[in-house]
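Fold and contact review
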Amino acid sequence: MKSSHFSVHLLLFAFCFLLFISSCTPAPTSLPPTVTASNTPTVTQTSTEAATQTPWIITTSPQVADNVQPAPRGTFILSLPDGGFYHLFAYSPESLPLTRLTANPWDDIAPALGPDGNWLAYASRQNGYWDLYLLNLQDGGSLRLTDTLAYDGSPSWSPDGAWLVYETYGEKSLEIAIRSVTDPASAPIQLTSDNYLDTSPAWSPLGRQIAFVSNRSGEPEIWIIDLDRATSDQFVNVSRSQETVESHPAWSPDGTRLAWASADPSTGLTSIQVWDARTPDSPAVSVVAGDWPVWQDNGHIAARFSSPNQTHLAGYDVSNSILDLPPILLPGSLEGLTYGVISASLPGVFLAGAQVTPASLYVPALDPDADTLPGRTALVEITGIQAAYPQLSDAADEAFAALRFRVAYETGWDALASLENAFVPLSTPLDPGLGEDWLYTGRGFTLNPALVQAGWMVAVREDFGQQTWWRIYLRTSAQDGSQGRPLTQLPWDFAARTGSSQAYENGGALMDSIPGGYWLDLTSLAAEYGWDRLPALTNWRTYYAGAHFNELAYIQDTDWRSAMLELYPPEALLTPTVVIPPTRTPTRTPLWYRSPTPTRTPTPRPTSTP
């Protein structure tokens, strides 16, 4: 979506406020009441009592625009990072601040609220592997629905609440399967079984269609599985857009429209597209900016707003694309989003978990014995790493040590033991264009690029407007499903620039296929420990060092100059002006008609005649 369109949203934003009305949905078939809480043992962790974190909400004017319809009353369920793990949170703009529902030492992601508002399906790694679970929002009990070594995730409910469709990792890629909820012991039904990447299924409220993302056309697009068609022609491409990358399909509550996110690599913009199933031959229409859409009702969509190091949640009136839910800053990246009317009163049975804040991932501390001047920060030797200067600022060493330990635990190997660079002194010049790099501050490090060549690290390109950023993934040593998750995006191949002139001009190209196996999202994990990624330089396509894909910086709300002054006096940052001395022996300007070396020519004298 064009930025001007988004600007109009912001101008009209001052005239909107939140009004909520009750909405009712027909109650589908309920799950059997015999489902009980899981007996899976939990691991005790150190925790402290603290108030539940409340998201930052932009307040609005009491005036209401005539063409703005009130948003429905409901609750968002989100998966957000907290204390080193992804937990489930509930949030209602009208009545409930961001409230933690789970607080155990494992990851809970991809929530999907059941049609009766009583059960929540989600993916969890509480038994060491990714399986599907059901959470009873009335009593807090949970039930494990799948029990496999392979990754199972992204569940979506059938309209009667009797089935779940989900993604599962096959031999080489993700596939789509359905499973009975009322009979968990029954075998799943495989809907896809091929070498294509099939992810993010969404079951239509009308019951007979399932939307999903697949690259069977050569790139990620939105497809529909029609359960009433024969196997040969049951897959239908509804996005039909070769120029954009599609993700996260979501059906409207009445099943007549399908929304999804569409990213345009040429502009770096992401918009929400809406396709009308009643006129299937008509192309989808771009309605608002953002990605990861969820329908609040048939006229309102909420979506994620992503910036390089921040995530927001906002809501729109689809009919006029005007904001009706102001952007809310979320405390970390999003790993799942669902919306609906919940039958239970929250936090309810989750009150104890909502009041627990996990212990800090690390405790920054300055060395009191460091031999430094007042107001300065010492450099600390980092043991066990290979780098030209194995040092970091005393302000960042604890964050690095904690991140290094966590990465080694999550991947099974010490990826931060061999670095391209850690601290770099001022006497060591970096590549051109990197004169104000965070490596000089002792608050940055660069991963060894040899990991890319060895196949143990990949970088996924992410564009925000005209600026390019990178998301780093590390391959896990255990490929049995106990570590990491499968990739769903094509990584960038920097080496492709040597293969063709077009790839050379573009700074590389997308890989031909998504690498198989399980990977750790280092960028998201590092952000929890305070390490942020950096943007590429504007000339990165023709300048490999300007890509900045392997650097992380411990910025912590400071700027580069302030960080430099923690190590150096102000005089060290002054750049002397180069003065060219005058030439001692001036050189005359040569003239074409004048000989550079004059020669004496004798003048002939007249000869006397006797």
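Now for a look at the structure at hand. (Residues numbered from 1 in each chain as written. Predicted model: local features only at pLDDT ≥ 70, side-chain atom pairs only at ≥ 80, totals over all residues. Heavy atoms only, no water.)

With that settled, the discussion passes to the nonpolar core. Core analysis: the biggest nonpolar cluster contains 37 residues, and Phe400, Leu403, Phe445, Trp470, Phe494 and Trp531 have the highest contact counts within it. The set of elements that each furnish at least two residues to this core consists of α3 (397-411), β33 (444-447), β34 (457-464), β35 (467-475) and α6 (522-528). Among the elements that make up this core, the one with the highest residue count is α3 (five residues). The next biggest cluster of nonpolar side chains, apart from the first, holds 27 residues, and it includes Trp119, Leu134, Tyr151 and Leu487. (Core = buried A, V, L, I, M, F, W, Y, C linked by side-chain atoms within 4.5 Å. Buried < 20%, exposed > 50% of the residue type's maximum accessible area, 1.4 Å probe, protein only. Helix = DSSP H or I, 4+ residues; strand = E, 2+ residues; numbered from the N terminus.)

Oppositely charged side chains can form a pair if their charged atoms are brought close together. Summed over the entire model, instances satisfying the criterion amount to 19 salt bridges. Between Asp147 and Arg144 there is a salt bridge; the shortest N-O distance is 3.3 Å. For Asp147, a relative accessible area of 55% translates into the label exposed. Across the salt bridge formed by Arg471 and Asp521, the nearest N and O atoms sit 3.2 Å from each other. Taken together, the positions of Arg471 in strand β35 and Asp521 in strand β38 (residues 519-521) put the pair 50 residues apart, joining distant regions of the chain. The two residues Arg471 and Asp521 agree in class, both being buried. Each member of the salt-bridge network shares a partner with another, and the members are Asp107, Arg125, Arg406 and Glu410. (Salt bridge = Lys/Arg side-chain N within 4 Å of Asp/Glu carboxyl O.)

The sheet built from four strands is open, its strands ordered β20-β21-β22-β23 with antiparallel pairing. Edge positions in the sheet fall to β20 (245-251) and β23 (285-289), since each has one partner strand and no second. Direction aside, neighbouring strands of the sheet carry axes that sit 30° apart on average. Looking at chain direction, β20 and strand β21 (residues 257-264) are connected through five bridges and run antiparallel. If you follow Glu246 over to β21, its bridge partner there is Ser262. (Pairing = 2+ DSSP bridges. Axes fitted to C-alpha atoms, helices over the stretch in contact; angles between N-to-C directions.)

One open sheet holds the four strands; their spatial order is β12-β13-β14-β15, and the pairing between them is antiparallel. Taken across any chain shown, the strands that pair with only one partner, and hence form the sheet edges, are β12 (152-157) and β15 (189-190).

Attention shifts here to α3. Here α3 contains 15 residues, and its C-alpha end-to-end distance of 21 Å stays within 8% of the 21 Å for a straight helix at 1.5 Å per residue. Within α3, the full set of buried residues consists of Asp397, Glu398, Ala399, Phe400, Ala402, Leu403, Arg404, Arg406, Val407, Glu410 and Thr411. Two residues or fewer past α3, Gly412 is found with a positive phi of approximately 85°. (Expected span 1.5 Å × (residues − 1).)

Our next topic: the side chain of Arg179. For Arg179, the location among the structural elements is in strand β14 (residues 174-180). A polar contact is formed between the side chain of Arg179 and the backbone oxygen of Pro184, at a distance of 3.2 Å. A distance of 3.2 Å separates a polar side-chain atom of Arg179 from the backbone oxygen of Ser186. When residues no more than four places from it in sequence are discounted, the contact partners of Arg179 are Leu145, Thr146, Ala162, Trp163, Leu164, Tyr166, Pro184, Ser186 and Pro188. (Polar contact = N/O pair within 3.5 Å; in protein donor to acceptor, adjacent residues only side chain to side chain. Contact = heavy atoms within 4.5 Å.)

Quick look at the side chain of Ser252 now. Along the chain, Ser252 falls in the loop between β20 and β21. Here Ser252 falls in the buried class, since its relative accessible area comes to 0%. One polar contact links Ser252 to Asp254, side chain to side chain, over a distance of 2.7 Å. A distance of 3.4 Å separates the side chain of Ser252 from the backbone nitrogen of Thr256, its partner in a polar contact.

Before going further, it helps to examine the pairing of strand β9 (residues 119-124). The element β9 is largely enclosed, with a buried count of six among its six residues. On β9, burial covers both faces: Trp119, Ala121 and Ala123 on one face and Leu120, Tyr122 and Ser124 on the other are all buried. Where strand β8 (residues 108-113) meets β9, four bridges bridge the pair, whose relative direction is antiparallel. Considered in β9, the bridge of Asp108 is made with Ser124. The loop that links β8 with its antiparallel partner β9 comprises five residues; one of these, Gly117, has a positive phi angle of about 70°. Examined bridge by bridge, β9 and strand β10 (residues 131-136) share six bridges and lie antiparallel to one another. Along β10, the bridge assignment pairs Ala123 with Leu132.

By the element assignment, Pro93 lies in the loop between β6 (85-92) and β7 (96-100). Along the primary structure Pro93 and Thr75 are separated by 18 residues, whereas in three dimensions their C-alpha atoms are 7.8 Å apart.

On to the packing of aromatic side chains, then. Taken as a whole, this structure holds 21 aromatic pairs when the rule is applied. Ring centres 5.2 Å apart and planes at 80° place the aromatic pair Phe400 and Phe445 in the edge-to-face group. Of the two residues, Phe400 is situated in helix α3 and Phe445 in strand β33; the sequence distance between them amounts to 45 residues. Like Phe445, Phe400 is buried. For the pair Phe445 and Trp531, a centre-to-centre distance of 5.0 Å together with 65° between the ring planes defines the contact as edge-to-face. Taken together, the positions of Phe445 in strand β33 and Trp531 in the loop between α6 and β39 (532-533) put the pair 86 residues apart, joining distant regions of the chain. Assessed through its relative accessible area of 0%, Trp531 is described here as buried. These aromatic residues form a ring-pair network of at least three members: Tyr362, Phe400, Phe445, Tyr529, Trp531 and Tyr554. (Phe/Tyr/Trp six-rings, centres within 6.5 Å; stacked < 30°, edge-to-face > 60°.)

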